[in-house]
Amino acid sequence: MKKISTIRQYSLGTVAFLMLGLTACAKPPQAANSEGIKLQGNIVLTGSSTVAPLAIEMGKRFEEQHPQVRVDVQTGGSSRGLADTRNGSADIGMVSRSLKPEEGDLTAHAIARDGIAIILHSENPVAELSPEQVVDIYQGQLTQWSDVAGGPTSPITVVNKAEGRSTLDVFLKHFDLKNSEIQAQVIIGDNEQGIKTVTGNPNAIGYVSIGAAEHSIGRGEPLKMLPLDGVSPSTTTLQDGTFPLARTLNLVTQGASEPTAQAFLQFAQSPQVQDLIEQQNFVPIESAPLAPSTP
Amino acid sequence: MQTFEMSQLSSLRRAHRRDRILRHSLRLLGSITGLLVLLITLFVLQEAWPALQNLGFIRFWTDGSWHPLEGSFGLMPMVLGSGLIALGATAIATPLGLLSALFCQCYGPPLLVVPYRRLLELLAGIPSVVYGFWGLVVLVPQINRLHPPGQSLLAGTLILSLMILPTVALLAIASLAQIPSSYWQGAAALSLSRWTTLTRIILPSARSGLFTAVVLATGRALGETMAVLMVCGNVVQVPSSVFDPVRSLTANIALEMAYATGDHRAVLFVSGLVLLAIVAGLVVMAEGISNQGMSSESVIVHER
């Protein structure tokens, strides 16, 4: 992932160099006119791999509007996004959760919402689990599906995320668990691996991004999402805020940003990128403030 | 006549010069390779140093569990996991690989041997993530039916043995091919049976090459990451049966490195350092064995 982004960085550099040569003799781009000022330079974003695909798409559209601006997106997890923003090696950090109180030195700019759904194989007859049952299953106190109403007589395979992943953070925080208390049978890395594990094992229980799960169900894979507190996970319940196990995707900055980064932040929170957010199976923030500069 | 000698002399000189250039460039390339290994080791050591200094080397072996964000850093289950997976895979792949090599070199008709060798080469060329994916969607569900959860030491061992089988087989074929044909002819002249020829002459003289093949394959098994990560379940624990999930050192690094910062990152480099040490130990072992083989071979030569 990192390798790709370095290649991208180099190729972007070359493109930027060529573009400079071209724009020198071409007339100024139309978007710059509407801004009044001409934006230029590099914006470096690093952080969460959940936010990165969305940021890349946003960056492409932003570059179309401002041909002298290059947006460079690198992944490495929310923790890296925070660290890079603090030490200045990134202009903007991507963080797939809300900021913690001790991270008050940074400013969060919410761009979208993402929910985490508990997933089962579609052959599993269990229709709902209470939060207490989820906790018991993940703590290894409930080990048989037959202990759950409507469950088959087979042992439960608990699928957990690897340490450091933000999905794990959100899950642990919501159910008030510690990672060392969890008795898992399988530990996975990304969402796709989690989905493959559950679709290949009718007795498995796991949790992944709602976007990723909806995508996989849409492809006809044998997967289902469980409702939580009576609310079924979907784009709609995420948007109206009723689904409890959700997170906000943020761009974070420290102190005052450069004008270019400032413009990108406004752009990322504007209705112009709503279709990109939906394409990535995320949900736009309802009360997204309109960027003052948008036409 | 004189001109002939002159041209001969100058061409000799030219050849000497070319030799010198070749020798120096080979030395340069060789030392770059050596230097790279040294630099990588130093880099890993440097990155791991803060953790070694803050926590001490002992804690990695005495801590009960691996929860780096909660301050416990037990590497032992993962060293054991890596070792068990690699040893299991070697145990399965060695007999299969050696038999494949003997079939190719000594028994099989050329019509079968050529496609069979191509097949082995193809097996060696398949990317590990493909093996892992196949393991996850085909092998793991089958094992799950036998004994849940499916992701297990057994799955990892089976996939890895498939992956290192071509390494063992192809290296063994190469070392069998190095046996001088006079050995075969001598055996035939003495009208020894094929079995006697194999067990008394061919296998003993190829011994060092065969050992090296096995050791290199074990090294490859230890270093394999993607396939192991996908089929082993990655739970940090000492397995009590082959159906229990385990985590290898390589999977540990791959799973957590992208998201790790500070001390967590440093302890991952410590697991890299441990892996490096194990592989280095294996290489030294292989070197020792092949040296031993060399000296016994030279004895044969002297006796001749």
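Draft legend 1. Examining the overall build of chain A more closely. A count of helices and strands for chain A gives eleven helices and ten strands. Within chain A, the proportion of its 295 residues that are buried is 52%.

Draft legend 2. Main features of the interface of chain A and chain B. Contacts between the two partners involve 27 residues from chain A and, on the opposite side, 26 residues from chain B. Summed over both partners, the interface of chain A with chain B buries about 2200 Å², with 56% contributed by carbon and sulfur atoms. Summed over the shared surface of chain A and chain B, the number is zero salt bridges. Put simply, the parts of the chain that give the side of chain A that touches chain B at least two residues each are helix H4 (78-87), strand E6 (186-188) and helix H7 (191-199) of chain A.

Draft legend 3. Structural context of a positive patch on the surface. Residues B:Arg14, B:Arg17, B:Arg18, B:Arg20, B:Arg23 and B:Arg27 make up a contiguous surface patch of positive charge. In this structure, B:Arg17 sits in helix H1 (residues 2-55).

Draft legend 4. Geometry of the nonpolar core. Among the nonpolar cores identified, the biggest contains 52 residues, and A:Ile137, A:Tyr138, A:Phe175 and A:Ile205 are the most heavily contacted of them. What A:Phe175 contacts, discounting residues up to four positions off in sequence, is A:Ile118, A:Pro131, A:Val134, A:Val135, A:Leu228 and A:Leu245. Judged by nonpolar contacts, the second largest core, of 30 residues, contains B:Met163, B:Ala217, B:Ala221 and B:Leu282.

Draft legend 5. Spatial organisation of the domain arrangement of chain B. All names here are of chain B. Under the domain assignment, chain B is made up of domain 1 (1-54) and domain 2 (59-303). Every contact between the two is made by nine residues of domain 1 and, on the other side, ten residues of domain 2. Buried surface at the junction of domain 1 and domain 2, both sides included, amounts to about 780 Å², of which 80% is carbon and sulfur. The three residues of domain 1 that bury the most area against domain 2 are Val44, Glu47 and Ala51, which together make up 51% of that side's buried surface. At the junction of domain 1 with domain 2, the criterion picks out one salt bridge.

Draft legend 6. The arrangement of the pairing of strand E1 (residues 41-47) of chain A in detail. All names here are of chain A. In terms of burial, E1 is largely enclosed, as five of its seven residues are buried. Bridging between E1 and strand E2 (residues 69-75) involves seven bridges; their strand directions are parallel. Each residue of the ladder has a partner; that of Leu45, found in E2, is Val73. Handedness of the crossover is the feature at issue here: the chain leaves E1, passes through helix H3 (residues 52-65), returns alongside E2, and the resulting connection is right-handed. Note that E1 and strand E3 (residues 92-95) share three bridges and pair parallel. Looking across to E3, one finds that Gly47 is bridged to Met94.

Draft legend 7. Structural view of the packing of aromatic side chains. Residues and elements named next belong to chain B. Applying the stated rule across the entire model yields twelve aromatic pairs over all chains. Summarising the aromatic geometry, the rings of Phe57 and Trp61 are spaced 5.8 Å apart at their centres and angled 65 degrees between planes, so their arrangement reads as edge-to-face. In this structure Trp61 comes out as partly exposed when scored by relative accessible area, which is 30%. Here Phe103 and Tyr116 contribute two aromatic rings whose centre-to-centre distance is 5.6 Å and whose plane-to-plane angle is 80 degrees, an arrangement assigned as edge-to-face.

Draft legend 8. Molecular detail of the domain arrangement of chain A. All names here are of chain A. Taken domain by domain, chain A consists of domain 1 (41-113 + 249-284) and domain 2 (115-239). On the side of domain 2, ten residues touch domain 1, which itself brings eight residues to the contact. Counting every contact that joins domain 1 to domain 2 gives zero salt bridges. The tally of links between domain 1 and domain 2 comes to one residue pair in polar contact (both at pLDDT 80 or more). Residue classes in the side of domain 1 that touches domain 2 are distributed as two nonpolar, four polar and two charged.

Draft legend 9. Highlighting the state of the cysteines. All names here are of chain B. Scanning all chains against the criterion turns up zero disulfides over all chains. Not engaged in a disulfide, the cysteine Cys104 finds its nearest cysteine sulfur in Cys106; these two sulfurs lie 9.5 Å apart. Residue classification places Cys104 among the buried residues on the basis of a relative accessible area of 7%.

Draft legend 10. Representation of the pairing of strand E5 (residues 157-161) of chain A in the model. Residues and elements named next belong to chain A. For E5, the tally of buried residues reaches five of five residues, placing the bulk of the element in the interior. Residues Thr157, Val159 and Lys161 of E5 are buried on one face, and the alternating residues Val158 and Asn160, pointing to the opposite face, are buried as well. Taken together, the two bridges between E5 and strand E7 (residues 204-209) define a ladder with parallel strand orientation. In the strand pairing of E7, Val158 is matched with Ile205. Here E5 pairs with E6 via three bridges, running parallel. Across the sheet, residue Asn160 finds its bridge partner in E6, namely Ile187.

Draft legend 11. Fine view of the pattern of salt bridges. All names here are of chain A. For the structure shown, the criterion picks out 16 salt bridges over all chains. Its salt-bridge partner being Glu63, residue Arg70 comes within 3.5 Å of it at the nearest N-O pair. Like Glu63, Arg70 is buried. Among the salt bridges present, the one from Arg219 reaches Glu221, with a minimum N-O distance of 3.1 Å. Under the relative-accessibility criterion, Arg219 is labelled partly exposed at 45%.

Draft legend 12. Summary view of the confidence of the model for chain A. For chain A, per-residue confidence averages 82 on the pLDDT scale, and residues scoring 70 or more make up 84% of the total. Scored below 50 in pLDDT, residues 1-35 of chain A makes 27 contacts in the model with residues more than four places away or belonging to other chains.

Parameters at a glance
- Residues numbered from 1 in each chain as written.
- Chains lettered and ligands numbered in written order.
- Predicted model: local features only at pLDDT ≥ 70, side-chain atom pairs only at ≥ 80, totals over all residues.
- Heavy atoms only, no water.
- Helix = DSSP H or I, 4+ residues; strand = E, 2+ residues; numbered from the N terminus.
- Buried < 20%, exposed > 50% of the residue type's maximum accessible area, 1.4 Å probe, protein only.
- Contact = heavy atoms within 4.5 Å.
- Buried area = accessible area lost by both parts, 1.4 Å probe.
- Salt bridge = Lys/Arg side-chain N within 4 Å of Asp/Glu carboxyl O.
- Patch = residues over 30% accessible without salt bridge, like charges linked within 9 Å, V, L, I, M, F, W, Y side chains within 5 Å.
- Areas by Shrake-Rupley, 256 points an atom, 1.4 Å probe, with all protein chains shown as cover.
- Lys, Arg positive; Asp, Glu negative; His and termini not counted.
- Charge placed at Lys NZ, Arg CZ, Asp CG, Glu CD.
- Core = buried A, V, L, I, M, F, W, Y, C linked by side-chain atoms within 4.5 Å.
- Domains from an automatic or database assignment.
- Pairing = 2+ DSSP bridges.
- Right-handed = clockwise from strand over helix to strand, strands pointing away.
- Phe/Tyr/Trp six-rings, centres within 6.5 Å; stacked < 30°, edge-to-face > 60°.
- Polar contact = N/O pair within 3.5 Å; in protein donor to acceptor, adjacent residues only side chain to side chain.
- Nonpolar A, V, L, I, M, F, W, Y, C, P; charged D, E, K, R; others polar.
- Disulfide = S-S within 2.5 Å.
- pLDDT = per-residue confidence, 0-100.

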